[in-house]
Amino acid sequence: MRQSFVWAALAAACAASALTAQPSAADGRLLRARHATRMSQIKVFNPAGAVRLVGWEHDSIVVRGRGPTTKAFYLYGNDAQMKLGFEEPADGKPMPHFDLVVYFPKGSQVSVKTVTGDIIASDASGWFYTVGGNIRLSGSATTLDVLSMSGNVDLDVITPWVRARTGDGNLLVRGEPQDVDASTIAGTLGVSSSAILRGQFGSVTGDIRYAGSPAAGAVFDFSNHSGAIEFSLARSVSGVFSLSSVVGSIENGFSQIRPTASTPHSVRLSLGRGGAQVTARTFKGTIRLRPE
């Protein structure tokens with residue numbers, strides 16, 4: 001229940017940002033505004049608060065925020081490179097909580113880091129890292145590199161390339177990414193996109209769940225140690241599925257299709273015209289294949 005609430009809250013916040021892609025008093029006080037270009041490289045650091053980023057069609061960066069004090073806030077650099085955020089107290093006192101909202105030119109490359117705060121971004125490309133916060137990205141991007149050590153990651157993006165990692169958090173990939181490298185350690189990895197052309201998906205103990213239909217010519221590789229790999233496929237799916245587990249079981253829900261090769265711990269199955277190539281392997285996890 002708590003996890004569902006977190007995802008719902010993140011989705012609502014991101015939807016709100018898409019509807020109000022202009023700075024407003026609701027974002028908090030104005031901290032800084034200056035010229036920027038679509039070629040800018042922007043680094044954001046917030047050790048004790050959330051960061052929301054909104055790409056827009058203006059040649060400027062506007063930073064607003066909410067918190068008890070702005071004394072430690074900084075923004076420096078030039079149009080090509082700039083840094084902004086909060087300096088941690090030199091006396092070792094706890095950093096006051098302060099949430100940031102950053103409007104910046106679409107096409108810029110951002111580098112965002114938080115410790116406990118969530119990162120929510122739309123139309124932002126670059127690197128996103130948090131220790132304990134959740135990350136939710138939407139819109140269009142050129143490249144995305146995403147890591148949350150213990151929080152959840154939700155990607156609903158249009159991008160040529162994305163790499164995403166979580167530790168204990170859950171990871172969801174949807175939208176229209178083309179080349180995806182995604183993995184978890186203990187969290188669930190969910191993939192729900194038929195636009196992916198190349199996909200590498202892995203986990204150690206978390207389940208991997210794919211729902212949809214691989215694109216024609218797509219090449220997927222799924223690997224797990226002790227978690228399950230589950231495929232929920234459209235009945236019109238077209239692909240060659242090579243499934244293997246060292247000690248785990250393989251459950252084939254397409255019982256009307258005769259495997260081209262089968263042993264107790266491996267199955268090779270051709271569905272439709274065999275347009276995609278899908279490999280899935282585990283050490284001791286179960287592999288399940290079923291029609292929607």
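Residues numbered from 1 in each chain as written. Predicted model: local features only at pLDDT ≥ 70, side-chain atom pairs only at ≥ 80, totals over all residues. Heavy atoms only, no water.

A.B. asks: Describe unusual backbone geometry, with residues and values.
C.D. replies: A negative phi holds for most residues other than glycine; trans holds for most peptide bonds. Even without being a glycine, D123 presents a positive backbone phi close to 55 degrees. With respect to the element layout, D123 can be found in the loop between β9 (119-122) and β10 (125-130). (Helix = DSSP H or I, 4+ residues; strand = E, 2+ residues; numbered from the N terminus.)

A.B. asks: Account for the side chain of R52, with residues named and values stated.
C.D. replies: Its location among the elements puts R52 in strand β3 (residues 51-56). The exposure class assigned to R52 is buried, which follows from its relative accessible area of 15%. There is a polar contact of 2.7 Å between the side chain of R52 and the side chain of D27. (Buried < 20%, exposed > 50% of the residue type's maximum accessible area, 1.4 Å probe, protein only. Polar contact = N/O pair within 3.5 Å; in protein donor to acceptor, adjacent residues only side chain to side chain.)

A.B. asks: How would you explain the environment of R281 if you had to name every residue and give the values?
C.D. replies: Here R281 lies in strand β24 (residues 276-282). Under the relative-accessibility criterion, R281 is labelled partly exposed at 36%. Residues R281 and G202, 79 residues apart in the sequence, show an inter-C-alpha distance of 9.7 Å. Setting aside anything within four residues of it in sequence, one finds R281 in contact with D221, F222, S223, N224, I229, S244 and I287. At a separation of 2.7 Å, a polar atom in the side chain of R281 contacts the side chain of D221. (Contact = heavy atoms within 4.5 Å.)

A.B. asks: Which residues make up the packing of aromatic side chains, and what are the values?
C.D. replies: If you walk through the whole model with that rule in mind, you get 13 aromatic pairs. When the centroid spacing of 5.7 Å and the interplanar angle of 10 degrees are considered together, the rings of W127 and Y129 count as stacked. Judged by its relative accessible area of 36%, W127 is partly exposed. Three or more aromatic residues joined by ring pairs make a cluster, and in this case those are F201, Y210, F220, F222, F231 and F241. (Phe/Tyr/Trp six-rings, centres within 6.5 Å; stacked < 30°, edge-to-face > 60°.)

A.B. asks: Before we move on, can you summarise the pairing of β24 with the specific residues and values?
C.D. replies: With burial as the criterion, only one face of β24 is covered, namely that bearing A276, V278, A280 and T282; the residues Q277, T279 and R281 on the opposite face remain uncovered. As judged from the 6 bridges shared by strand β18 (residues 219-224) and β24, these two strands associate in the parallel manner. Along β24, the bridge assignment pairs N224 with T282. Sheet topology note: the strand β20 (residues 239-245)/β24 ladder contains 7 bridges and is parallel. Residue pairing across strands places S242 opposite T279, the latter belonging to β24. (Pairing = 2+ DSSP bridges.)

A.B. asks: Before we move on, could you go through the pairing of strand β8 (residues 109-114) and cite the residues and values that matter?
C.D. replies: Of the two faces of β8, the one lined by V110, V112 and T114 is fully buried and the one lined by Q109, S111 and K113 carries no buried residue. Here strand β2 (residues 41-46) runs beside β8; their pairing, made up of 6 bridges, is parallel. Counted as the bridge partner of K43 is S111 from β8. Sheet topology places β8 next to β10; 6 bridges connect them, and they run parallel. Bridge pairing in β10 links V110 to G126.

A.B. asks: Please give an account of the pattern of salt bridges that cites residues and values.
C.D. replies: Applying the stated rule across the entire model yields 16 salt bridges. A salt bridge links R38 to E57; the nearest nitrogen and oxygen atoms lie 2.8 Å apart. Highlighted residues: R38 in the loop between β1 (29-35) and β2 and E57 in the loop between β3 and β4 (60-66), separated in sequence by 19 residues. Here K106 makes a salt bridge to D123, at a shortest N to O gap of 3.5 Å. Here D123 lies in the loop between β9 and β10 and K106 lies in the loop between β7 (99-105) and β8, a separation of 17 residues in the sequence. Looking at K106, the relative accessible area reads 27%, which means it is partly exposed. With a relative accessible area of 21%, D123 lands in the partly exposed category. Residues joined in a network through salt bridges with shared partners are D207, R209, E230, E251 and R288. (Salt bridge = Lys/Arg side-chain N within 4 Å of Asp/Glu carboxyl O.)

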